[in-house]
Amino acid sequence: MPGKEKLIQWVEEMARQTEPKRIVWCDGSDEEYHQFIEEMQDDRSLIRLNQKEYPGSYLHRSHPSDVARTEKLTFICTTRRADAGPTNNWMSPKEAQTRVWPLYHGAMQERTMYVVPYLMGPPGSPLARAGVEITDSLYVAVCMRIMTRMGRIAMEQIGRTGEFVKALHSLGDLSPERRFIVHFPKGDEIWSVGSGYGGNALLGKKCHALRIASVEARQEGWLAEHMLILGVQSPRGEVTYVAAAFPSACGKTNLAMLMPPPELSGWRVWTVGDDIAWMRWGDDGRLYAVNPETGFFGVAPGTSAKTNPNAMATIRRNTIYANVAMTHDGLPWWEGMDGPSPAEAWDWRGHPWSPASEDKASHPNARFCSPATQCPCISSKWDDPQGVPISAILFGGRRARLTPLVLESFSWSHGVYVGAGMATETTAAQSGAVGVVRRDPMAMLPFCGYNMADYFAHWLAQGGRAGAVLPKIFQVNWFRQDENGKYMWPGFGQNLRVLQWIVDRARGRGAVVAPPVGFLPDPKAIDTTGLGVSEESMRDLLAIDTEAWLAEMEEEAAFFGLFGSRLPEELRREMSSQEKRLESANAKGGR
Ligand code: GTP
Ligand code: SPV
Ligand code: MN
């Protein structure tokens, strides 16, 4: 088996550098998982939660300096800097050798090296891709078991094809000073050292399924995106599949698991994926999406029976929590959970906490890690090797102002421009300031493994594919605020009302008006009965402030300017047409 030999050789080479005490090849079995869980309780890296209320569930507390993705320490390693582009941190392969490789030297001394073969995507899918993560963290190994198809099934594909992504992970000394997450798209290789946190350490997720896969997708003519996938079922039983890109902690898991409010009876939403979509063109010209993952690594704070009952049911068992608070009864707790806050608890660091404490009990980026199959609304097609046909693509972010509740692009290329021009307020999912507006094209700014100008060109090229049945592209914003800083739209389950209009449009129905920036729903096209949102608020939610929009376009232009002549001409054309439309509307006095 050439694949297996190549793998053994690589593992031996990594062992020579990291010097582990022993090497464990993971088979992904239940027995192995339970043994790892036992070992972690012994070394106190897992705390057993109340098994009556949360069977099979545990709490992991990470190092306080290691609770979110560290984008500043994340690099794309290519020979030419321009291939990484102006929005990525770049490192030359030579520098990686001198600056990062030595950090692995002896890093696993007195520790165990776990070899974790994994598959991203349903077995047998044209998009199933294998990887092997070497790690010295059992937390990483058990989360990989939940998030990926781990063990034998991956070994089988590696043996057959000889192809796999080589992902080397070590906790190192967990110091942010010696932390690096480095990607080599050319060699299909990832080096991560100094962090045990999700997106930095579960290398099948953002590192492989987005940064490495996006490069491969461009070469092979498909798309690897930071998107949820869902199916909306109408009372007539018609199911329409939608993919949506929102930046981190901007509502993907919540939308993917949407529970229809009682007044919209007969409607259902089915979850296919909550974070990553791999999409390829089918023989019928349609765009088919698969979820490469098998679990949800979701934000805990804010999750409740009111906001996301499907998530609450999903995370009630067999869940590995990270950095939530724990009550004295061993129950996980976080801000925004149902019911009163506990009178006493341990906070995410393990310190005593009470409602009088100044600090939050749970870290704002505390996460749950749960198997997808536990989701009550999991789609029957969630692991279909062919994927589901996508009719609409949504781009959205957190914007207190400017972008309306929903907008439909005029065309594919206008839609690509809308996605490329996205901006959002930063969240706790990445370290750094929270609430600062930054450009985040297609929610891929931290995840695109190559020059984003080429990424835009790749998206534009899809629009010109012969025979392609192009999904319609929309922009949404659940986060508009009034002058008192209150969200104007109730969000969560009520987002279905917006999805209804989107489904109508995707199926060639529904009424629109057309201001300069895209099609908007006719004021009566979104059903607001029983919603408690006034007609005036609804008007505000859909209002376009042409002057503010023109001002925003200056920032957008400055961002696009970073790419110089590499920016596709078609994007420039879309930008200047939009500007002209806005200027002429402005001259006529606003909308
Ligand atoms: P990542 O896992 O980081 O990629 O995040 P995500 O995009 O899956 O975001 P998630 O659904 O976990 O939501 C993040 C935060 O946004 C949570 O605190 C939610 O409660 C909040 N949120 C989600 N949807 C809505 C909404 O419709 N309205 C409002 N106001 N808040 C929302
Ligand atoms: C995100 O930050 O977008 C996440 C969590 O989905 S992480 O696994 O850290 O990437
Ligand atoms: Mn994400």
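See above for the structure.
Conventions we followed
- Residues numbered from 1 in each chain as written.
- Chains lettered and ligands numbered in written order.
- Predicted model: local features only at pLDDT ≥ 70, side-chain atom pairs only at ≥ 80, totals over all residues.
- Heavy atoms only, no water.
- Near = heavy atom within 4 Å.
- Polar contact = N/O pair within 3.5 Å; in protein donor to acceptor, adjacent residues only side chain to side chain.
- Areas by Shrake-Rupley, 256 points an atom, 1.4 Å probe, with all protein chains shown as cover.
- Helix = DSSP H or I, 4+ residues; strand = E, 2+ residues; numbered from the N terminus.
- Nonpolar A, V, L, I, M, F, W, Y, C, P; charged D, E, K, R; others polar.
- Phe/Tyr/Trp six-rings, centres within 6.5 Å; stacked < 30°, edge-to-face > 60°.
- Buried < 20%, exposed > 50% of the residue type's maximum accessible area, 1.4 Å probe, protein only.
- Lys NZ or Arg CZ within 6 Å of the ring centre and 35° of its normal.
- Donors = N, O, S within 2.8 Å, 3.2 Å for Na, K, Ca; no water.
- Tetrahedral: all angles 85-135°; square planar, octahedral: opposite > 155°, others 65-115°.
- Patch = residues over 30% accessible without salt bridge, like charges linked within 9 Å, V, L, I, M, F, W, Y side chains within 5 Å.
- Salt bridge = Lys/Arg side-chain N within 4 Å of Asp/Glu carboxyl O.
- Lys, Arg positive; Asp, Glu negative; His and termini not counted.
- Charge placed at Lys NZ, Arg CZ, Asp CG, Glu CD.
- Contact = heavy atoms within 4.5 Å.
- 1 Å grid on protein atoms, 1.4 Å probe; cavity = no way out; pocket = protein on both sides within 12 Å on 5 of 7 lines; lining within 4 Å.
- Points joined across faces, edges and corners; volume = space filled by probe spheres on them.

Asker: How do you make sense of the site of ligand 1 when you look at a structure like this?
Answerer: Near ligand 1 there are 22 residues, and of these Ala249, Lys252, Thr253, Asn254 and Arg367 occur at the shortest range. Within the side chain of Lys252, a nitrogen or oxygen atom sits 2.8 Å from an oxygen atom of ligand 1. Between ligand 1 and the protein, one listed contact pairs an oxygen atom with a backbone N or O atom of Pro301 at 3.3 Å. Protein contact buries 91% of the 660 Å² of open area that ligand 1 shows by itself. Residue assignment for the shell around ligand 1 shows that the elements contributing at least two residues are α9 (252-256) and β18 (295-299). Ranked by residue count, the leading element in the shell around ligand 1 is α9, at three residues. For the shell around ligand 1, the class distribution of residues is ten nonpolar, eight polar and four charged.

Asker: What's the story with the packing of aromatic side chains in this structure? I'm lost.
Answerer: In this description, a pair of aromatic rings is defined by centroid distance and the angle of the planes. Per the stated rule, a full pass over the model turns up 24 aromatic pairs. With 5.9 Å between their ring centres and 45° between their planes, Phe75 and Phe180 make a pair best called tilted. In this pair, Phe75 is assigned in strand β4 (residues 74-77) and Phe180 in strand β10 (residues 180-184), connecting sequence segments 105 residues apart. Across the pair, Phe180 and Phe75 agree in class, each one buried. Taking 6.2 Å as the distance between ring centres and 70° as the angle between the ring planes, the aromatic pair formed by Tyr450 and Tyr455 counts as edge-to-face. In terms of burial, Tyr450 and Tyr455 fall into one category: buried. Chaining the aromatic ring pairs together yields one cluster made of Tyr450, Tyr455, Phe456, Phe559, Phe560 and Phe563. In this arrangement the basic side chain of Arg398 is found over the ring face of Phe479, its NZ or CZ atom lying 4.2 Å from the centre.

Asker: Explanation requested: the coordination of the manganese ion (ligand 3) in the structure shown.
Answerer: Protein coordination of the manganese ion (ligand 3) is provided by Lys206 (NZ), His226 (NE2) and Asp275 (OD), with donor distances spanning 2.1 to 2.6 Å. Classification of the site at the manganese ion (ligand 3) as irregular follows from its six donor atoms and the range of 65 to 170° in their angles at the metal. Positions of the donor residues of the manganese ion (ligand 3), expressed as sequence spacing, correspond to K-x19-H-x48-D. One end of the pair, Lys206, is in helix α8 (residues 204-220); the other, His226, is in the loop between β12 (223-225) and β13 (227-233), and 20 residues separate them in sequence. Assigned by exposure class, Lys206 and His226 land together as buried.

Asker: For this particular structure, what's the right way to read a negative patch on the surface?
Answerer: The grouping of Glu554, Glu555, Glu579 and Glu583 at the surface amounts to a negative patch. Within the secondary structure, Glu579 sits in helix α16 (residues 569-587).

Asker: Just to check I follow, could you spell out the environment of Thr112 for this structure?
Answerer: Structurally, Thr112 can be placed in strand β6 (residues 112-120). Looking at Thr112, the relative accessible area reads 12%, which means it is buried. Expressed as a C-alpha distance, the spacing of Thr112 and Ser57, which sit 55 residues apart in the sequence, is 24 Å. Excluding anything up to four places from it in sequence, Thr112 contacts Arg22, Val24, Thr135 and Asp136. A distance of 3.0 Å separates the side chain of Thr112 from the side chain of Arg22, its partner in a polar contact.

Asker: So what exactly am I meant to see when it comes to empty space enclosed by the protein here?
Answerer: Picture a little ball the size of a water molecule; that probe, rolled over the atoms, points out where space is still empty. Under the criterion given, the structure shown has six cavities of 30 Å³ or more. Its volume calculated, the largest cavity comes out at about 170 Å³. What lines the largest cavity is a set of 19 residues, and nearest its centre among them are Val418, Gly421, Gln475, Trp549 and Glu556. For the lining of the largest cavity, the element with the most residues is helix α15 (residues 546-561), which contributes three residues. Looking at the lining of the largest cavity residue by residue, the classes come out as nine nonpolar, six polar and four charged. Volume-wise, the second largest cavity comes out at about 70 Å³. Lining the second largest cavity are 15 residues, with Pro247, Ser248, Gln430, Arg438 and Asp440 positioned closest to its centre. Counted by class, the lining of the second largest cavity contains five nonpolar, six polar and four charged residues.

Asker: Before we go on, may I ask you to explain the side chain of Thr148 in this structure?
Answerer: Mapped onto the elements of the fold, Thr148 is located in the loop between α5 (138-147) and β8 (149-150). The contacts of Thr148, once residues within four sequence positions are left out, are Tyr118, Leu119, Met120 and Thr294.

Asker: Where do I start with the pattern of salt bridges in this structure?
Answerer: Pairing is possible between side chains of opposite charge, provided their charged atoms come close. Under the counting rule described, the total for this entry stands at 31 salt bridges. Arg69 is the salt-bridge partner of Glu71, the closest N and O atoms lying 2.9 Å from each other. Here Glu71 and Arg69 have matching classes, each one buried. Here Arg111 and Asp136 are joined by a salt bridge, their closest N and O atoms 3.4 Å apart. Of this pair, Arg111 sits in the loop between α4 (93-99) and β6 while Asp136 sits in the loop between β7 (129-135) and α5; the two residues are 25 residues apart in sequence, bridging distant segments of the chain. The class for Arg111 is partly exposed, based on a relative accessible area of 30%. Through salt bridges with shared partners, one network takes in Arg80, Asp83, Arg218, Asp454 and Arg566.

Asker: Is there a simple way to think about the site of ligand 2 in this case?
Answerer: Of all residues adjacent to ligand 2, which total 13 residues, the nearest are Arg69, Tyr197, Gly199, Lys206 and Ser248. A distance of 2.9 Å separates an oxygen atom of ligand 2 from a polar atom in the backbone of Gly199. Contact with the protein chains hides 98% of the accessible area of ligand 2, taken as 280 Å² for the molecule alone. Taken together, the elements giving at least two residues each to the shell around ligand 2 come down to α7 (198-201) and α8.

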